[in-house]
Amino acid sequence: MNRPLVGTLATVVLGAAALVGTAGTAGAAPKSGTDVPHTFRAATPISAPAQHGVHTKAVDFAGTVALSNCSGSIVKLPTSKDTDPALVMTNGHCLESGMPGAGEVIVDQPSSRSFTVLDAGAGDLGTVKATKVVYATMTDTDVTLYETGSTYADIQQKYGIKPLEVDTAHPTQGHKITVVSGYWKQTYACSIDGFVPQLKEGDWTWKDSVRYTTDCKTIGGTSGSPVVDDETGKVTAINNTVNEDGEKCTLNNPCEVDESGQVTVHKGTPYGQETYGIPKCFTAGNKLDLNASGCELPKPSGVRR
């Protein structure tokens, strides 16, 4: 996973796991006293490192946010109205209370987390604050969705920022994409290389994951970044991990499993989780309905308090 960033000496992380106040795989900061693996470590950047494949012009930062240890975005669904409470999307491993365990699904939990809203040029505009965690999991996918105390209209009036739209179509192989990191204030340009039936990392398994070309050299803190399709300008996935060391199915070293069960490893290859199915799980007013027709997000077996 793209490691979360923790403290001022935080290590750069690739992937998608985040802890409370800490972002996981792609970038979250661990709680005090928590021994967090390399990919899950997050740190406050002093200056953004130069990266091969960094994309600076085609897609800007408007609509993205920075978390304490991860990246994220203000997102709008097809049914969303300007008067609805705005949603912020990041990774499940970026959850401030800690990474959800395998099989764990968290819904409707109070949160007061703050997000720094960025302008098109990655300048800090101010903050919006969550009122609750609408949904979070690292099972089948790696996502957290927060409801904020501000409507989309409030944010646009105060900051002049519109949300990013979540595409309802499956990502397309070969399409050019841009990973937009609000944490690092950097973008990474590459293409969709293909899709993985099962991506395994440590205790977690993700389904139908997006594999990028290695031009996107994502690092810790990029966890939760929106993956924007350059052709549509819409969010097609959420960045979450990379194989750092060439290891097999270990933390920070995801492995691919095909339909026949064959396992392969691609060192240096980054991945994201598809988002096109998320809108099917929301109804009018940005209300989560896991029983809605077509919704395939995992349901909780019990609610974590």
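Residues numbered from 1 in each chain as written. Predicted model: local features only at pLDDT ≥ 70, side-chain atom pairs only at ≥ 80, totals over all residues. Heavy atoms only, no water.

1. Notes on the overall build of the chain
A count of helices and strands for the chain gives one helix and 20 strands. For the chain, the proportion of its 305 residues judged to be buried stands at 55%. Summarising the internal contacts of the chain: among those between residues at least 6 apart in sequence, 67% fall at separations of at least 24. Looking at the chain as shown, the accessible area adds up to about 11,600 Å², and 48% of this sits on carbon and sulfur atoms. (Helix = DSSP H or I, 4+ residues; strand = E, 2+ residues; numbered from the N terminus. Buried < 20%, exposed > 50% of the residue type's maximum accessible area, 1.4 Å probe, protein only. Contact = heavy atoms within 4.5 Å. Areas by Shrake-Rupley, 256 points an atom, 1.4 Å probe, with all protein chains shown as cover.)

2. Observations concerning the state of the cysteines
This structure, assessed with the given rule, holds four disulfides. Across the disulfide, C281 is cross-linked to C295 (sulfur-sulfur distance 2.0 Å). On the sign convention where negative is left-handed, the bridge of C281 and C295, at about 100° about the S-S bond, is right-handed. Within this pair, whereas C281 is found in the loop between β18 (270-274) and β19 (282-283), its partner C295 is found in the segment after β20 (287-288), the two being separated by 14 residues in sequence. The exposure class assigned to C281 is buried, which follows from its relative accessible area of 0%. For C295, a relative accessible area of 10% gives the class buried. In the chain, the bonded cysteines, taken in the order they occur along the sequence, pair up as 1-2, 3-4, 5-6, 7-8. (Disulfide = S-S within 2.5 Å.)

3. Here we look at the environment of V235
Along the chain, V235 turns up in strand β15 (residues 235-242). The class of V235 is buried, set by a relative accessible area of 1%. Put simply, V235 and P171 are 64 residues apart on the chain and 9.4 Å apart in space, counted from C-alpha to C-alpha.

4. Quick notes on the pattern of salt bridges
This structure, assessed with the given rule, holds eight salt bridges. Across the pair D108 and K132 runs a salt bridge, and its minimum N-O distance is 3.2 Å. With D108 in strand β6 (residues 105-110) and K132 in strand β8 (residues 124-137), the pair connects residues that are 24 residues apart, well separated along the chain. For K207, the salt bridge goes to D140, with nearest N and O atoms at 3.8 Å. Taken together, the residues K207 in strand β13 (residues 204-212) and D140 in the loop between β8 and β9 (143-151) connect sequence positions 67 residues apart. (Salt bridge = Lys/Arg side-chain N within 4 Å of Asp/Glu carboxyl O.)

5. Re the pairing of β8
Pairing between β6 and β8: five bridges, direction antiparallel. Bridge pairing in β8 links V105 to T137. Linkage of strand β7 (residues 114-118) to β8, two consecutive antiparallel strands, is achieved through a turn of five residues, within which A122 is found at a positive phi near 75°. Counting the residues between successive antiparallel strands, the hairpin from β8 to β9 contains five residues, one of them, D140, with a positive phi of roughly 70°. (Pairing = 2+ DSSP bridges.)

6. Description of the nonpolar core
Buried together is how nonpolar side chains tend to be arranged in soluble globular proteins. Among the nonpolar cores identified, the biggest contains 41 residues, and I74, M89, F115, Y135, L145 and F282 are the most heavily contacted of them. Among the elements that take part in this core, β8 stands out by supplying six residues, more than any other. Beyond its immediate stretch of four places on either side in the chain, Y135 contacts V105, I106, V107, V143, T144, L145, L288, L290, L297 and P298. Counting residues in hydrophobic clusters, the runner-up holds 13 residues, among them Y183, C190, I192 and A237. (Core = buried A, V, L, I, M, F, W, Y, C linked by side-chain atoms within 4.5 Å.)

7. Remarks on the pairing of strand β14 (residues 226-229)
Here β14 shows two buried faces, one formed by P226 and V228 and the other by V227 and D229. As judged from the three bridges shared by strand β11 (residues 176-181) and β14, these two strands associate in the antiparallel manner. The residue of β14 that forms the bridge with T178 is V228. Two elements, β14 and β15, share three bridges in a ladder whose sense is antiparallel. Paired with P226 across the strands is I238, a residue of β15.

8. What about the packing of aromatic side chains?
Applying the stated criterion across every chain yields a total of two aromatic pairs. Plain terms: the ring middles of Y183 and W184 are 5.4 Å apart, the flat faces sit at 75° to each other, and that makes the pair edge-to-face. One Lys or Arg, K76, reaches over the ring of Y152 and ends 5.6 Å from the middle of that ring. (Phe/Tyr/Trp six-rings, centres within 6.5 Å; stacked < 30°, edge-to-face > 60°. Lys NZ or Arg CZ within 6 Å of the ring centre and 35° of its normal.)

9. Here we look at the environment of T131
Along the chain, T131 falls in strand β8. Setting aside chain neighbours within four positions, we find T131 in contact with P110, S111, E147, T148 and G149.

10. Examining unusual backbone geometry
The phi dihedral of D140 is positive, around 70°, even though this residue is not glycine. Take D140: its relative accessible area is 23%, and that puts it in the partly exposed class. Despite not being glycine, C249 has its phi angle at roughly 65°, a positive value. In this fold, C249 is placed in the loop between β15 and β16 (255-257).

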